[in-house]
Amino acid sequence: MIYVIKKDNTREEFNVQKVIAAVNKSANRVLYTFTDAETQAICTYVEDYVKNMNVSEVQIWQMHNIVEAALESVRPEVAKSYRDYRNYK
């Protein structure tokens with residue numbers, strides 16, 4: 001089981017559904033809707049990357065970078081929206 005360490009140091013079990021929700025919000029901001037294939041590609045990228053890290057915990061900033069890289073490979077304009085929102089927060 002892999003946990004994500006959030007900014008407040010709480011641990012939360014990795015849940016790819018949260019990744020989907022976050023990337024869909026970013027896509028909505030640029031008036032884009034992911035296809036099922038694109039969503040699957042993003043999920044596969046993130047899940048495989050995290051598994052290959054071979055760790056039990058991932059910092060939230062690392063998870064953001066992984067998701068951003070997945071978005072860059074699928075839809076760069078959504079990656080920019082994701083990055084801009086992260087920098088705003």
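Residues numbered from 1 in each chain as written. Predicted model: local features only at pLDDT ≥ 70, side-chain atom pairs only at ≥ 80, totals over all residues. Heavy atoms only, no water.

K.L.:
Help me get a handle on the overall build of the protein, residues and values and all.
P.N.:
Scanning the protein for helices and strands turns up four helices and three strands. By principal-axis analysis of the C-alpha atoms, the protein measures approximately 35 × 30 × 15 Å. Counted over contacts in the protein with a minimum sequence separation of 6, partners at least 24 positions apart contribute 52%. Across the protein, the centroid of the 12 positively charged side chains sits 6 Å from that of the 12 negatively charged ones. (Helix = DSSP H or I, 4+ residues; strand = E, 2+ residues; numbered from the N terminus. Contact = heavy atoms within 4.5 Å. Lys, Arg positive; Asp, Glu negative; His and termini not counted. Charge placed at Lys NZ, Arg CZ, Asp CG, Glu CD.)

K.L.:
Describe the sheet that holds strand β2 (residues 11–13), with residues and values.
P.N.:
Here we have three strands laid out as an open sheet, ordered β2-β1-β3, and mixed in their pairing. Pairing within the sheet leaves two strands with one partner each, and these edge strands are β2 and β3 (57–59). In this sheet, neighbouring strand axes are inclined to one another by 30 degrees on average, regardless of whether the strands run parallel or antiparallel. Of the strand pairs in this sheet, strand β1 (residues 3–5) and β2 are connected by three bridges, and their pairing is antiparallel. Bridge pairing in β2 places Y3 opposite E13. Sheet strands in contact with helix α3 (residues 60–74) are β1 and β3, and its direction is about 80 degrees off that of β3. (Pairing = 2+ DSSP bridges. Axes fitted to C-alpha atoms, helices over the stretch in contact; angles between N-to-C directions.)

K.L.:
Summarise the pattern of salt bridges; cite the residues concerned and give the values.
P.N.:
Any two side chains of opposite charge can pair, given that their charged atoms come close. Taken as a whole, this structure holds eight salt bridges when the rule is applied. Across the pair R75 and E38 runs a salt bridge whose closest N-O atoms are separated by 3.5 Å. Residue R75 is found in the loop between α3 and α4 (76–88), and its partner E38 is found in helix α2 (residues 36–53); the two are separated by 37 residues along the sequence. Assessed through its relative accessible area of 26%, R75 is described here as partly exposed. E68 is the partner of R83 in a salt bridge, and the nearest nitrogen-oxygen pair spans 2.6 Å. With R83 in helix α4 and E68 in helix α3, the pair connects residues that are 15 residues apart, well separated along the chain. The class for R83 is partly exposed, based on a relative accessible area of 26%. Its relative accessible area of 15% is what places E68 among the buried residues. (Salt bridge = Lys/Arg side-chain N within 4 Å of Asp/Glu carboxyl O. Buried < 20%, exposed > 50% of the residue type's maximum accessible area, 1.4 Å probe, protein only.)

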